Amino acid sequence: MINRTRAVKDVLWITALAGFMAAVFRLWFGLGATTNLSDAVPWGLWKVLNMIGGVALSTSGFSVGFLVYVLRLKQFQPYLKPAILIAFLGYGCSCAALLFDIGLPHRFWHPIFMWNINSFLFEVFWCVMLYFTVTAIELAPVIFEKYRAERITRLLHRLAFVVVVVGISLSSLHHSSLGSLFLVTPQRLYPLWYTPWLPLLFIVSAIGGGLMVVVLAKIIWSYWYEPTSIFNMGAGQSLQLIRVIDGTPAGAFPGKPEGRDMPQIRALATIAAAILGFYFILKITDLFLHGGWGPLLAGTWESWLYIFELAITAIVPGTLLMLRRSRYSPGGISIAASSAALGLALNRLDVGIFGYFADSGRIYFPSLIEWALGFGVVAAAGLVFFFAAENLPIFGPNPPAARMAGLFRLSYGSLRQLWNTALTDGLHRVTLIAVFLVPLSFVLMYPPYFNGRISEPEVRSAIGVDAERTVLLIEGDRGGVSTIFPHVDHQKRLGDSASCVKCHHVSLPHDKSTSCSRCHRRMNVETAIFNHKYHLKAVAELKQFRGIQPENYTCVECHAKQSPKLVSGTKDCMECHKEDMFPAAKPMEVVNLRRALPFREAMHKLCIECHKSESVKRGRPHLGDCQTCHESLRAKPASSPLMAKGIDWLP
Amino acid sequence: MYGILIDVTRCTACEKCVVACTQRAGRDLQRAEKARATTSDGLSAERLSTVLRVGDGRFARKACMHCLQPSCVSACMVGGLTKTTSGAVIYDRDKCIGCRYCMLACPFHIPRYEWEKTVPFVVKCDMCYDRLEAKQPPACVEACPEGALIFGNREELLGKARKMIRNSPGRYLNHVWGEKEFGGTSVMYISDIDLAALGWSAVEAKAIPSLTEPLVHKTPFIGLGVAAGLIGLNWIIKRREELAANRESSDPARKEHHD
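These numbers were taken from a predicted model, which means no experiment stands behind them. (Residues numbered from 1 in each chain as written. Chains lettered and ligands numbered in written order. Predicted model: local features only at pLDDT ≥ 70, side-chain atom pairs only at ≥ 80, totals over all residues. Heavy atoms only, no water.)

### Observations regarding the overall build of chain A
Here comes step 1: Within chain A, the regular secondary structure consists of 27 helices and two strands.
Here comes step 2: Here chain A holds 651 residues, and 49% of them are scored as buried.
Here comes step 3: Long-range contacts, defined as pairs at least 24 residues apart, comprise 68% of the intrachain contacts of chain A with a sequence gap of at least 6.
Here comes step 4: Of the accessible surface of chain A, which amounts to about 32500 Å², a share of 66% is contributed by carbon and sulfur atoms. (Helix = DSSP H or I, 4+ residues; strand = E, 2+ residues; numbered from the N terminus. Buried < 20%, exposed > 50% of the residue type's maximum accessible area, 1.4 Å probe, protein only. Contact = heavy atoms within 4.5 Å. Areas by Shrake-Rupley, 256 points an atom, 1.4 Å probe, with all protein chains shown as cover.)

Quick look at the structure:
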């Protein structure tokens, strides 16, 4: 017995210390380096499993308090203190994990003073904070009892009913609000789990699952410290591994009595299973009402997950507790309770993580640091649970500490004694574990070596083929036929920024051919596009006008005589600027002096004339062929009749 | 209230808007280019706006839609996001605690996070709020050489959009994205192809705060109701116990009969 306890505590210490190291790394290196969270998956393990799932599993204080104080079912009184302890520790470790999940932990106090009453998360924060205080108040008598502070103890006992009512109200609010958090994602959450009934489903499952957790905790506690209270043990028998169906109706086997606490455990578990049965009916109704049948029968992995979740949450516990054999067996009840607890946790994971895989398009798997901290805080809570249960009157008036090896007993007088006791006694053992665990954490979790990010998908830029847009994907007339164009290469070769205008002086996309005046508007106003004043001077110089103000004579060089200075009466830009419109040595045949070439034709002219003239210079005879740019045609050049004609078809 | 109308048929993906936005936000252009590859749509803590291919030869700018009833504003637990009178939805760094609920709440997946920093904040387009105060258009609108981004009063822009659709039959689909979806947005689109790739849902998509706020405002009353119910239930049960105890103690003769 002692060895088993110590082994469990060792595991808890290892996990808790690993969590501590993970917390240090998370605070030092930030969320990006330590978690697998990303813009596509902003909420992960800590928020969903630790916070939302952890809170759901800690509903025990709420439900047992309701049974004992409101319904006045006195037979469940012994379960009150353990339930409140579970609730206190559960909420404590959930909040601890949340503290590390938020980006700015030092600002955790903001919601106390900065309010947004429209936000469900704000409401969750306040209710959880208040409820955590309530559980502390409910737990306080236990601590004060030990230290015999009688007046405070009496006061707290008198306030107990009020505190419990406040606690239950707060609890029902925040459990449903945790479900309401996900009401904001109707388009993003998988339709099987998105429903306006999310708050209702969350509160009902939390109540049922929380009761099952109390049952499970009691069974595990008894397994360790008080087997006869639960398990069938005749005189002289030792406790064996739990057998699934070894239940015996009370009295059927004389000499093999039922454990003394079994009736209450059975009652609690049956109540819980009934609540979960009601939850099952709610879920099925919800599927009918909110169009979930289609996705359920779609055969996707989400539909199987949903069915599995519902099975372990409601069907397995319900069935086990309906069958007499398993109802009277501690093993049967344990399986029912574990199944329900796992189902509850899985439901929260489904709503918070798995249900978003389809929307985010990627699979989120937590990093090692996330697992370590997630389970580390739970392990720390477990250690505190053991400590409290062994040293405070939680499971009965006399804590069994006297029998067990304590956790924090310091008892060494010399170094030799320290070493001798290190392998057996509490604190020394922990120190030994820590000495090995800290370097191991660095080896396994140090973020700069193990950046556990899942690689993001390759992004195709809008028209750039690569991220830096050195190579572009050009579609001449936006008709779906494209070619690869090494933009930066050409830019460098043709003269950097001065070369821009050589190519970027063509028709606008979508236009068959753009009028010059589309861009070159308001010519009398000096702009970067057209400098009127400059033109006056340049034309005056060109025509060698003389006089005090030679520019005054230049008007009629471009504008029609004695008529308003409009586009219709102006000389075509192209008459003087033919060479500017085309980079190659050969001037092109301009058909319409007022309009630029259509996009595709312009692109072809731009590219092909230059390629033809350069092919000789660069010793690449095929530079001017269609297939050089149109890679898709290299396999089958004859598929396009235009291409087959070759470059001679160009106008 | 201002708005931006985006004409998808005019966008050539030159990304001058993205460059202007990055520069105005004081972010590094090189990093913004490289950051394009880190997310599936190009938006990240380094890139507040992005241009996406939405179809064959069609491109559209994607950034915060500045909804009229923003989901993020309703979701932020410390009230760090606000919808201003000028139409921009702005973010207050001093309030944020980094819970990232706004990232979950936005139907367009807009807010991004500075994951790599030890003191991280949420990043998203703010419609150049300070320029709006000075009655200037946002940087992206000013930078667009094709006239694909049109700035103005939202109601006027709606009218303009309808007119553009009417005057160029066949050029646009008869729909203004952002007029009614999610309760209406300040950034609207007209296009000749469907824009589901940008995150637009059906027209009937309700404003997301309308799904949560009516319920949130009821919570204090629900809590009080539960408390009242508990007290009532407890009173009934206590009363039954008392009555049962009185019956037994006042009638010992009956008790003997039971034996």
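Now that the structure has been shown, the text picks up again.
### Comments concerning the interface of chain A and chain B
Here comes step 1: The partner chain B presents 77 residues to the 73 residues of chain A that form the contact.
Here comes step 2: Where chain A abuts chain B, roughly 6300 Å² becomes buried across the two surfaces, and 59% of that area is made up of carbon and sulfur atoms.
Here comes step 3: Between R72 of chain A and E241 of chain B there is a salt bridge, and its shortest N-O distance comes to 3.0 Å.
Here comes step 4: Going through the elements one at a time, α1 (2-29), α2 (31-34), α4 (60-70), α6 (110-113), α7 (120-146), α8 (150-180) and β1 (471-475) of chain A are the ones with two or more residues in the side of chain A that touches chain B.
Here comes step 5: Of all the elements, α8 of chain A adds the most residues to the side of chain A that touches chain B, at seven residues.
Here comes step 6: Here the residues of the side of chain A that touches chain B sort into 41 nonpolar, 16 polar and 16 charged. (Buried area = accessible area lost by both parts, 1.4 Å probe. Salt bridge = Lys/Arg side-chain N within 4 Å of Asp/Glu carboxyl O. Nonpolar A, V, L, I, M, F, W, Y, C, P; charged D, E, K, R; others polar.)

### Some remarks on helix α8 (residues 209-216) of chain B
Here comes step 1: Taken together, the buried positions of α8 of chain B are occupied by P209, T212, E213 and V216 of chain B. With its buried residues spanning 100° around the axis, α8 of chain B presents them on a single face. (Arc of directions from axis to C-beta.)

### Points about the sheet that holds strand β8 (residues 149-153) of chain B
Residues and elements named next belong to chain B.
Here comes step 1: The strand order β8-β1-β9 describes an open sheet built from three strands, whose pairing is mixed. The sheet is open, and its two edges are formed by β8 and β9 (187-190), each paired on a single side. Each strand of the sheet is rotated relative to its neighbour by a mean of 25°, with strand direction disregarded.
Here comes step 2: Pairing of strand β1 (residues 2-7) with β8, which is carried by five bridges, proceeds in the antiparallel orientation. (Pairing = 2+ DSSP bridges. Axes fitted to C-alpha atoms, helices over the stretch in contact; angles between N-to-C directions.)

### Brief notes about the packing of aromatic side chains
Here comes step 1: Evaluated as defined, the whole model comprises 29 aromatic pairs over all chains.
Here comes step 2: Residues F25 of chain A and F29 of chain A carry aromatic rings whose centres are separated by 6.3 Å and whose planes lie at 50° to one another, so their mutual orientation is tilted. Within this pair, F25 of chain A and its partner F29 of chain A are both found in helix α1, separated by four residues, close to a single helical turn. For the residue pair F25 of chain A and F29 of chain A, the accessibility class agrees, reading buried in each case.
Here comes step 3: A centroid spacing of 5.9 Å and a plane angle of 25° characterise the contact between W371 of chain A and F375 of chain A, whose relative ring orientation is stacked. Of this pair, W371 of chain A and F375 of chain A are both found in helix α16 (residues 368-391), four residues apart, which corresponds to roughly one turn of the helix.
Here comes step 4: Classification of F375 of chain A as partly exposed rests on a relative accessible area of 44%.
Here comes step 5: An aromatic cluster of three or more residues is present, and its members are F25, F29, F442 and Y446 of chain A.
Here comes step 6: Lying over the aromatic face of F202 of chain A, R348 of chain A brings its terminal NZ or CZ to 3.9 Å of the ring centre.
Here comes step 7: Lying over the aromatic face of Y113 of chain B, R100 of chain B brings its terminal NZ or CZ to 5.9 Å of the ring centre. (Phe/Tyr/Trp six-rings, centres within 6.5 Å; stacked < 30°, edge-to-face > 60°. Lys NZ or Arg CZ within 6 Å of the ring centre and 35° of its normal.)

### Re the pairing of β1 of chain B
One face of the sheet, then the other: side chains in a regular strand alternate in exactly this way.
Residues and elements named next belong to chain B.
Here comes step 1: Taken across its six residues, β1 has five buried, putting it largely inside the fold.
Here comes step 2: Relative to β9, β1 is paired through four bridges, and the arrangement is parallel. Opposite D7, over in β9, you have I190 as the bridge partner.

### Observations regarding unusual backbone geometry
Here comes step 1: Phi at R72 of chain A is positive, roughly 55°, even though this residue is not glycine.
Here comes step 2: With a relative accessible area of 21%, R72 of chain A lands in the partly exposed category.
Here comes step 3: The backbone of H109 of chain B shows a phi angle near 60°, a positive value even though the residue is not glycine.
Here comes step 4: When its relative accessible area of 22% is taken as the criterion, H109 of chain B is described as partly exposed.

### Observations concerning the confidence of the model for chain B
Caution applies to low-pLDDT parts of the model: their predicted coordinates are not meant to be read in detail.
Here comes step 1: Per-residue confidence for chain B averages 89 on the pLDDT scale, and 95% of its residues sit at or above 70.
Here comes step 2: Two summary scores accompany this predicted model of the complex, namely pTM at 0.76 and ipTM at 0.91. (pLDDT = per-residue confidence, 0-100.)

### A closer look at the pattern of salt bridges
Here comes step 1: Counting across every chain of the model gives 21 salt bridges over all chains.
Here comes step 2: Between D359 of chain A and R188 of chain A there is a salt bridge, with the nearest N and O atoms lying 3.5 Å from each other. Taken together, the residues span a long stretch of sequence, with D359 of chain A in helix α15 (residues 357-360) and R188 of chain A in the loop between α8 and α9 (198-225) at a distance of 171 residues.
Here comes step 3: Overall, the relative accessible area of 27% leaves D359 of chain A in the partly exposed class.
Here comes step 4: Taking relative accessible area as the criterion, R188 of chain A reaches 4% and is therefore assigned buried.
Here comes step 5: Here R112 of chain B makes a salt bridge to D41 of chain B, at a shortest N to O gap of 3.1 Å. Placement of the pair is R112 of chain B in strand β6 (residues 112-113) and D41 of chain B in the loop between α2 (29-35) and β2 (50-55), with a sequence separation of 71 residues.
Here comes step 6: The class of R112 of chain B is buried, set by a relative accessible area of 5%.
Here comes step 7: A cluster of three or more residues bridged by salt bridges with shared partners is formed by R27, R93, E114 and K117 of chain B.

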